[in-house]
Amino acid sequence: MASNSNASQTFTCALTGLTPLTDAVVTPSGYICSRKLLLTKLSENGGMDPFDTSRTLDESTLVDLTSSNSAVAPPRPPTATSLPSLLTQISTEFDTVLLELYDTRKS
């Protein structure tokens, strides 16, 4: 199977279901999480892996993840999926483009 080198990778936090934007890590059990949230869970659980409770986990065993495409826009919040909020966003973007076009033609 050929891989597409232009495909963007997105990581989803196994604890929250959201995309960690800056500090994604992989646990030894294979789950992707936000570093800050995972370290908070570790301090609450006494150093136990939140996914595999038979395993202890510390910060040195976490592997940092980096995306090859850092220009990927963050995902929209769930409130942006309703029709009224989408129409509001489209209207705002349209007004912004028109204002920029007006300023460009004025100068």
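Draft legend 1. A look at helix α2 (residues 83–106). With 24 residues, α2 extends 34 Å from end C-alpha to end C-alpha; this agrees with the ideal 34 Å at 1.5 Å per step. The element α2 is barely covered by neighbouring structure, given that only one of its 24 residues are classed as buried.

Draft legend 2. The arrangement of the sheet that holds strand β1 (residues 24–26) in detail. Spatially, the three strands line up as an open sheet ordered β2-β1-β3, and their pairing is antiparallel. The open sheet is flanked by β2 (32–34) and β3 (63–64), the only strands paired with a single partner. Judged from the three bridges that link them, β1 and β2 form a sheet pairing that is antiparallel. Along β2, the bridge assignment pairs A24 with S34. Each of β1, β2 and β3 is contacted by helix α1 (residues 35–45), which is oriented at about 90° to β2, the strand it contacts most.

Draft legend 3. Up close: the pattern of salt bridges. Considering all chains together, one arrives at three salt bridges under this definition. Of the charged contacts in the structure, one is a salt bridge between R55 and D52, with a shortest N-O distance of 3.6 Å. Overall, the relative accessible area of 23% leaves D52 in the partly exposed class. A single network of salt bridges, built from pairs that share partners, joins R35, E59 and D64.

Draft legend 4. Representation of the nonpolar core within the structure. In terms of nonpolar packing, the biggest core is built from seven residues, these being C13, V25, C33, L38, L42, L57 and L62. Here L62 is in contact with V25, V26, T27, R35, L38, L39 and L57, once residues within four sequence places are set aside.

Draft legend 5. The arrangement of α1 in detail. Within α1, burial applies to R35, L38 and L42. The buried residues of α1 occupy an angular sector of 65° when projected down its axis, which confines them to one face. Exposed positions of α1 whose direction lies more than 90 degrees from the buried face are K36, S43 and E44. Taken together, the buried residues of α1 touch β1, β2 and β3. Immediately beyond the C-terminal end of α1, within one or two residues, lies G46, with a positive phi of roughly 75°.

Draft legend 6. Spatial organisation of a nonpolar patch on the surface. A cluster of nonpolar side chains, L83, L87 and I90, forms an exposed patch at the surface whose accessible area comes to about 330 Å². Following the sequence through the fold, L83 ends up in helix α2. Assessed through its relative accessible area of 59%, L83 is described here as exposed.

Conventions and cut-offs
Residues numbered from 1 in each chain as written. Predicted model: local features only at pLDDT ≥ 70, side-chain atom pairs only at ≥ 80, totals over all residues. Heavy atoms only, no water. Helix = DSSP H or I, 4+ residues; strand = E, 2+ residues; numbered from the N terminus. Expected span 1.5 Å × (residues − 1). Buried < 20%, exposed > 50% of the residue type's maximum accessible area, 1.4 Å probe, protein only. Pairing = 2+ DSSP bridges. Contact = heavy atoms within 4.5 Å. Axes fitted to C-alpha atoms, helices over the stretch in contact; angles between N-to-C directions. Salt bridge = Lys/Arg side-chain N within 4 Å of Asp/Glu carboxyl O. Core = buried A, V, L, I, M, F, W, Y, C linked by side-chain atoms within 4.5 Å. Arc of directions from axis to C-beta. Patch = residues over 30% accessible without salt bridge, like charges linked within 9 Å, V, L, I, M, F, W, Y side chains within 5 Å. Areas by Shrake-Rupley, 256 points an atom, 1.4 Å probe, with all protein chains shown as cover.

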